[in-house]
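Analysis of the macromolecular model
The residues making up each chain are set out below.
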Amino acid sequence: MKKISVFVAFSLLVSIALTACGTTQNQAVESKNLLEQIKANGTVKIGTEGTYPPFTFHDASGKLTGFDVEIAEEVANRLGVKPEFVETQWDGIFAGLDSKRFDMIVNQVGIRPDRQEKYDFSDPYILSKPVLIVHKDNETIKTFADLKGKKAAQTLTSNFKDIAASNGAEIVGVEGFNQSIDLLASKRADAVVNDGLSFLDFKKQQPDSPIKVVAELDEPAKSGVMFRKDNKELVEAVNKALSDMKKDGKYESISQKYFGTDVSK
């Protein structure tokens, strides 16, 4: 009986020691800032749609590619880690960042004051102008003001939805750019507000699509890499990577590949 008690006591001590060790290790990991954790893991998790060409999409072979994907891959390379992409629909991508499914979002996220209250952003790495897209047969919508009372197909948490809504449009919720264009082409929506670069790429891929641009905003939208708040070390490291890419020509090389111009200017 005494031998059993000694064994139980010994087992209990070992269990406590292991638990304490595990707790200490967990505390050590938690004490590292996010950049240090990423470098220790050797991987940075990146949220992206995978359905928004030319920024993030799958090519004919099924490989995830695009401007944002290549930018993110190069940033990861300069951080000394491997990129791990987590594909998420746009309307759930911020929640994915909040729940720590990934460390940052690289998906042409517009930098807006309301978002800056909750999230941190890198320096802008894309400047592009929003455009108003309609069916080629539409002769009634010629300006953004003409959206009043019309159906605009938009992702519900995008900058472009806000532009359409501020001009009086009735918003038809969609999951992404391609779905919005499908609704427009089939005349189930009257208009789409989206990025001019996305429109040009779409028309390059599908020149016979029955859509056209009728207006463009003068003020370009600025996009950046998005992070959870209070990760300044990671933000600074990404900013340095983006800055170095622009200095050594890597950024322009990627930009020229997808757009034929430098989209940071």
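Relevant structure appears above.
The rules behind these values
- Residues numbered from 1 in each chain as written.
- Predicted model: local features only at pLDDT ≥ 70, side-chain atom pairs only at ≥ 80, totals over all residues.
- Heavy atoms only, no water.
- Axes fitted to C-alpha atoms, helices over the stretch in contact; angles between N-to-C directions.
- Helix = DSSP H or I, 4+ residues; strand = E, 2+ residues; numbered from the N terminus.
- Parallel < 35°, antiparallel > 145°, perpendicular 65-115°, else oblique.
- Contact = heavy atoms within 4.5 Å.
- Nonpolar A, V, L, I, M, F, W, Y, C, P; charged D, E, K, R; others polar.
- 1 Å grid on protein atoms, 1.4 Å probe; cavity = no way out; pocket = protein on both sides within 12 Å on 5 of 7 lines; lining within 4 Å.
- Points joined across faces, edges and corners; volume = space filled by probe spheres on them.
- Expected span 1.5 Å × (residues − 1).
- Buried < 20%, exposed > 50% of the residue type's maximum accessible area, 1.4 Å probe, protein only.

**Focus: the packing of helix 9 (residues 232-248) against helix 10 (residues 250-259)**
As a packed pair, helix 9 and helix 10 sit with axes 4 Å apart at the nearest point and diverge in direction by 80 degrees. Relative to helix 10, helix 9 is oriented roughly perpendicular. Residues M245, K246 and D248 of helix 9 form the contact with helix 10, whose own contacting residues are K250, Y251 and I254. Residue composition of the contact of helix 9 with helix 10, by class: three nonpolar, no polar and three charged.

**As for empty space enclosed by the protein**
Evaluation of the coordinates by the stated rule reveals one cavity of 30 Å³ or more. The calculated volume of the largest cavity comes to roughly 240 Å³. If you go around the largest cavity, you meet 24 residues; those closest to its centre are Y52, Q108, T155, S158 and F160. Of all the secondary-structure elements, those providing two or more residues to the lining of the largest cavity are strand 5 (104-110), strand 9 (151-154), helix 6 (159-166), helix 7 (177-185), strand 11 (191-195) and strand 13 (221-228). Considering each element in turn, the lining of the largest cavity owes the most residues, four residues, to strand 5.

**Examining helix 3 (residues 67-79)**
Under the 1.5 Å per step criterion, the end-to-end length of helix 3 is 18 Å for 13 residues, consistent within 8% with the ideal 18 Å. When you tally the buried positions in helix 3, you get 10 out of 13 residues, the bulk of the element. Buried within helix 3 are the following residues: F67, D68, V69, E70, I71, A72, E74, V75, A76 and L79. G80 sits one or two residues past helix 3 and shows a positive phi near 85 degrees.

**Looking at unusual backbone geometry**
Here the bond from P53 into P54 is cis, since omega is 5 degrees, no more than 30 degrees from zero. Structurally, P54 is set in the loop between strand 1 (43-48) and strand 2 (57-58). For Q108, which is not glycine, the phi torsion reads 45 degrees and is therefore positive. Mapped onto the fold, Q108 is located in strand 5.

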